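One-letter residues, chain by chain:
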Amino acid sequence: QRASQLMMWAAGIDSLKPHQEKLLAIMDETTPARPLGSLELQPDLELPSWYTENDIHLNPGGYWGEELVGAIYQRSAAIYRTGWRHSRGSEDMMAFARSAPPQDYRRILDMGCSFGRSTMIFRNAYPDAEEVVGIDLSANALKWGHLTAEEQGLEITFAQRDVADTGYPGESFDLITSYLLMHEMPPDEVDRTVQEAFRLLRPGGHLMFMDMPRYATLAPQIAFMEDFDTTGNGEPFWGPFLSRDFPAILRDTGFVNVNEGPLDYDD
């Protein structure tokens, strides 16, 4: 598992570095005269130490430090999806997006959106939403997400913000989501993010977090194998998060009608 992940990054970096100047020029092009969405960056945003001191997924330079991280990830991820781990297309993400209770969602927030793949899925799943917003700490990831969304004709607001302290007014969103975010953060940051989501959600709105199954729901031997990621695969907060009772954290924060379970999805 670790070797395939290192191979993934090495192959992607080697293949794209000769084109670095051209790719950076594309990413830094002036915003088109009639953009669909927007990109809001904060050059002075102080990135937390847990984020900058950890090369998430063993990515050299981290998601924040490698300028071409979006292009590298897009090209390389297929190498990582070998026989021991199911390949994830868009089907699971669309099933996740569409599993929200039927409701008129006007403003949707995707926390920790990275390259915007999940954000774009939610925009496609809810085309009538007034605004779909994706936030992340990485300016480099957001630039790639914005570029991709514009190429696909999707109106999305990408903003560089901390999920635990977004700066948005309270009760700003009808639907708040994240896809594989919680296990990337230390426990105190998870708690702060849940509290921030509670503050941002309008009464009657919905919160949807998709992540790996917590250890208490798995057979012990499977949980043991899954925990390899904590020490061997650039995921130091994987085990700490999956060892917690996340539904209880949500309830203690004030969320009601908390449900936990697998997707209704063929795979």
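Student: Which residues make up the overall build of the protein, and what values do they have?
Tutor: In terms of helices and strands, the protein carries 13 helices and six strands. Its C-alpha radius of gyration of 18 Å places the protein within 12% of the 18 Å reference for a compact globule of 267 residues. In terms of its C-alpha atoms, the protein occupies a principal-axis envelope of roughly 50 × 45 × 40 Å. Within the span of the protein, comprising 267 residues, buried residues form 51% of the whole. The long-range fraction of contacts in the protein, counting pairs at least 24 apart against all pairs at least 6 apart in sequence, stands at 81%. As displayed, the protein has an accessible area near 13400 Å², and 51% of this comes from carbon and sulfur atoms. The average position of the 21 basic charges and that of the 42 acidic charges among the side chains of the protein differ by 3 Å.

Student: Which residues make up the sheet that holds strand β5 (residues 173-179), and what values do they have?
Tutor: Strand order across the open sheet formed by six strands is β1-β4-β3-β2-β5-β6, with parallel pairing between neighbours. With one partner strand each, in any of the chains shown, β1 (38-40) and β6 (201-210) form the two edges of the open sheet. Each strand of the sheet is rotated relative to its neighbour by a mean of 15°, with strand direction disregarded. Alignment of strand β3 (residues 131-136) against strand β4 (residues 157-160), held across four bridges, turns out to be parallel. Bridge pairing in β4 links Ile135 to Ala159. Across the face of the sheet, helix α7 (residues 117-125) comes into contact with β2 (107-111), β3, β4, β5 and β6 while running at roughly 170° to β3. Against the sheet, helix α9 (residues 187-200) makes contact with β2, β5 and β6, and its axis sits at roughly 145° relative to β6, the strand it touches most.

Student: Describe helix α2 (residues 20-27), and please don't skip the residues or the numbers.
Tutor: Of the positions making up α2, those classed as buried are Leu23, Leu24 and Met27. Seen from one end, α2 has its buried residues packed into an arc of 100°, which puts them on one side. Of the residues in α2, the exposed ones pointing more than 90 degrees away from the buried face are Glu21 and Lys22.

Student: Could you give me a rundown of the nonpolar core, with the residues and numbers involved?
Tutor: Counting 50 residues, the largest nonpolar core has Leu109, Met111 and Phe246 as the members making the most contacts within it. In terms of nonpolar packing, the next biggest core, distinct from the first, is built from 17 residues, Phe96, Ala97, Ile121 and Tyr179 among them.

Student: So what about the packing of aromatic side chains? Which residues, and what values?
Tutor: Counted according to the given criterion, the structure contains 14 aromatic pairs. Ring plane angle 50° and centroid distance 6.2 Å describe the contact between Trp9 and Tyr73, whose orientation is recorded as tilted. Taken together, the residues span a long stretch of sequence, with Trp9 in helix α1 (residues 2-16) and Tyr73 in helix α5 (residues 69-80) at a distance of 64 residues. Ring geometry for Tyr63 against Phe115: centres 5.5 Å apart, planes inclined by 25°, an arrangement best described as stacked. With Tyr63 in helix α4 (residues 62-65) and Phe115 in the loop between β2 and α7, this residue pair connects regions lying 52 residues apart in the sequence. One exposure class covers both Tyr63 and Phe115, and it is buried. Here Arg161 stacks its cationic end above the ring of Tyr168, 4.0 Å away from the centre of that ring.

Rules and cut-offs
Residues numbered from 1 in each chain as written. Predicted model: local features only at pLDDT ≥ 70, side-chain atom pairs only at ≥ 80, totals over all residues. Heavy atoms only, no water. Helix = DSSP H or I, 4+ residues; strand = E, 2+ residues; numbered from the N terminus. Rg over C-alpha atoms; globule rule 2.2 N^0.38 Å. Buried < 20%, exposed > 50% of the residue type's maximum accessible area, 1.4 Å probe, protein only. Contact = heavy atoms within 4.5 Å. Areas by Shrake-Rupley, 256 points an atom, 1.4 Å probe, with all protein chains shown as cover. Lys, Arg positive; Asp, Glu negative; His and termini not counted. Charge placed at Lys NZ, Arg CZ, Asp CG, Glu CD. Pairing = 2+ DSSP bridges. Axes fitted to C-alpha atoms, helices over the stretch in contact; angles between N-to-C directions. Arc of directions from axis to C-beta. Core = buried A, V, L, I, M, F, W, Y, C linked by side-chain atoms within 4.5 Å. Phe/Tyr/Trp six-rings, centres within 6.5 Å; stacked < 30°, edge-to-face > 60°. Lys NZ or Arg CZ within 6 Å of the ring centre and 35° of its normal.

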